[in-house]
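Observations on the three-dimensional arrangement
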Amino acid sequence: MRYKTIDELNPGDIIGEDITTAAGLVLLVSGFSLTLKSIEGLRAKGIFEVMIDDENSKGIAIERPVSKKTEREVYDALRKIDIEKVQKQASKMVDDLINYSDGKADFTVVKTLDDYTYQHSYSVGCLSTIVGISSGKFNMVELKNLATSGLLHDIGKSCIPPEILNAPRKLTDDEYKLIKEHSQFGYNMLRENYDLSSTVKAAVLQHHENEDASGYPQGIDGRRIHPFAKIIHIADVFDALTSKRSYREPMSRPDALKYIKENTHSLFSKRYAKIFIGCIMPYPTGSTVRLSDGREAVVAKNDAQAPYNPYIRIIGSGEVIPLSDTKCSIL
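Described below are features of the structure shown in this document. This structure is a prediction, so every number in the text was calculated from the model and none was measured.

Quick notes on the rules
Residues numbered from 1 in each chain as written. Predicted model: local features only at pLDDT ≥ 70, side-chain atom pairs only at ≥ 80, totals over all residues. Heavy atoms only, no water. Pairing = 2+ DSSP bridges. Helix = DSSP H or I, 4+ residues; strand = E, 2+ residues; numbered from the N terminus. Axes fitted to C-alpha atoms, helices over the stretch in contact; angles between N-to-C directions. Expected span 1.5 Å × (residues − 1). Buried < 20%, exposed > 50% of the residue type's maximum accessible area, 1.4 Å probe, protein only. Contact = heavy atoms within 4.5 Å. Patch = residues over 30% accessible without salt bridge, like charges linked within 9 Å, V, L, I, M, F, W, Y side chains within 5 Å. Areas by Shrake-Rupley, 256 points an atom, 1.4 Å probe, with all protein chains shown as cover. Salt bridge = Lys/Arg side-chain N within 4 Å of Asp/Glu carboxyl O. Parallel < 35°, antiparallel > 145°, perpendicular 65-115°, else oblique. Left-handed = near helix turned anticlockwise from the far one by under 90°. Nonpolar A, V, L, I, M, F, W, Y, C, P; charged D, E, K, R; others polar.

Glancing now at the sheet that holds strand S7 (residues 311-314). Read from one edge to the other, the open sheet built from four strands follows the order S5-S6-S7-S8, with strand pairing classed as antiparallel. A single partner strand is all that each edge strand has here, and the edge strands are strand S5 (288-290) and strand S8 (320-322). With strand direction ignored, the average angle separating the axes of adjacent strands in the sheet is 45°. The pairing of strand S6 (residues 296-301) with S7 spans four bridges and is antiparallel. Paired with Lys301 across the bridge in S7 is Tyr311.

Below you can see the structure in the form of C-alpha cells.
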C-alpha cells in the first residue's frame, strides 16, 4: 500500500484500508474502486489522505506503530471526552510505540478521519511519545503521562463553537482571541480530576508557550515551561503545518522540519527540537513523491543514516533505486 493525498486520487484507485468517521462509521471499505463521485465525497468530508493498493506499491511494507484497535479506541475516548479511557489507551500507545520505535519515526498518521481535531490529537500523542522515548529521559509512568498529555492537549477546543473552530476563512480578532483560550479551557476542565497527574495538566495549559516568553496563556519562558509542554508544542506545530485545512494547503514534511529548526530558541526547546528532527523521517515509507525531473515515485525503504536519500520505486518502470542514483531531488 501507499499514501495518496485527496488531490492525487484518480477514479479506479483501490482503497487499501477502510475509511471511517470519527464516530466509527465506515465511509468506504478496503478494496473499493474509487469513482469521481466518491473522491469528491471524501473531499467534502474533509478527508486529506487515503491508503491505496496498487502495482506501484506492491511489496512495500508500511508499519503501523500503534494497533488499529487502539487507534480506534483513542478516537472514541476523545470524542466522548472519557478521560479514564484516554489514559488507558495512552498506556497501550506507549507499549506499542516502545516495541515499534528504533529511534526513527518512519511513519505518518494517515489523515483518513473526517474530524481534524481528533486526528490531530492522536498524531500529536504519537509524535510526542516517540520523542519522549527517543530522549531516554522518561520512565514508563512519565511516558504514559506524556502520551496522555499529547492526546488531551486540545481538549479545551471542545468549549469553542465549531463554526469558529472550523471556519474556512480568516478569523476576526475576537474569534482568534477565543481560540487562544483553548489551553486555559483545557486546564480548567482537567484541574479537578485528581486521577490525572499534575504534569498532564501543566502540559495542556502550557503547550502554546514559547521559549522566548512570546506564547500564551501565561507568557512564561523556557525556564518555566514543563518538558512535556515543550515536546507537545513541537509535535503540535509540525502536525498542524503538514495537515491540509480548508483555508490552506499542507506544508511538506521537510519544510515543516526546517521551520522547527529555524525557530529553535525563539519558539521551541533546542534539546527537544533536535531530538524531534532526528526522529522524524522526512519521506516516510509508502509516501508518494514527485522528482525534479517530473517523474513520480513511491518511497520503498528508508535509511536511518541517510534520511533524505530514501530508496524509491519509480512509478511506471517499477525500478527501485536510491534517490541519489536518479540525480534528482524530491520536490
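Let us now look at helix H4 (residues 116-135). Counted at 1.5 Å a residue, the expected span for H4 with its 20 residues is 28 Å, and the 28 Å between its end C-alpha atoms agrees. Among the 20 residues of H4, 17 are classified as buried, and the element is accordingly described as predominantly covered.

As a further point, take the environment of Phe276. Relative to the helices and strands, Phe276 resides in helix H12 (residues 270-279). With a relative accessible area of 1%, Phe276 lands in the buried category. Remark: the alpha-carbon pair of Phe276 and Ile130, spanning 146 residues in sequence, is separated by 8.5 Å. The residues touching Phe276, leaving out its near neighbours within four places in the chain, are Leu127, Val131, Ile234, Ala235, Phe238 and Leu257.

Quick look at a nonpolar patch on the surface now. There is a patch of nonpolar side chains on the surface, built from Val26, Val29 and Phe32 and spanning about 220 Å² of accessible area. Assignment of secondary structure puts Val26 in strand S3 (residues 26-28).

So, about the packing of helix H9 (residues 198-206) against helix H10 (residues 227-241). Taken N-terminus to C-terminus, the directions of H9 and H10 make an angle of 45°; their axes are 8 Å apart at the nearest point. One element, H9, and the other, H10, form an angle in the oblique class. Both H9 and H10 take part in a crossing whose hand is right-handed. Along its contact with H9, which presents Thr199, Ala203 and Gln206, the element H10 presents Phe228, Ala229 and Ile232. Its residues placed into classes, the contact of H9 with H10 shows four nonpolar, two polar and no charged.

Right, let's get into the packing of helix H5 (residues 140-152) against H10. Where H5 meets H10, the axes come as close as 10 Å, and the angle between the chain directions of the two elements is 45°. Here H5 lies oblique to H10, going by the angle between them. Here H5 runs over H10; the crossing is right-handed. For the pair H5 and H10, the contacting residues are Glu142, Asn145, Leu146, Ser149 and Gly150 in the first and Phe228, Ile231 and Ile232 in the second. Here the contact of H5 with H10 is built from residues that sort into four nonpolar, three polar and one charged.

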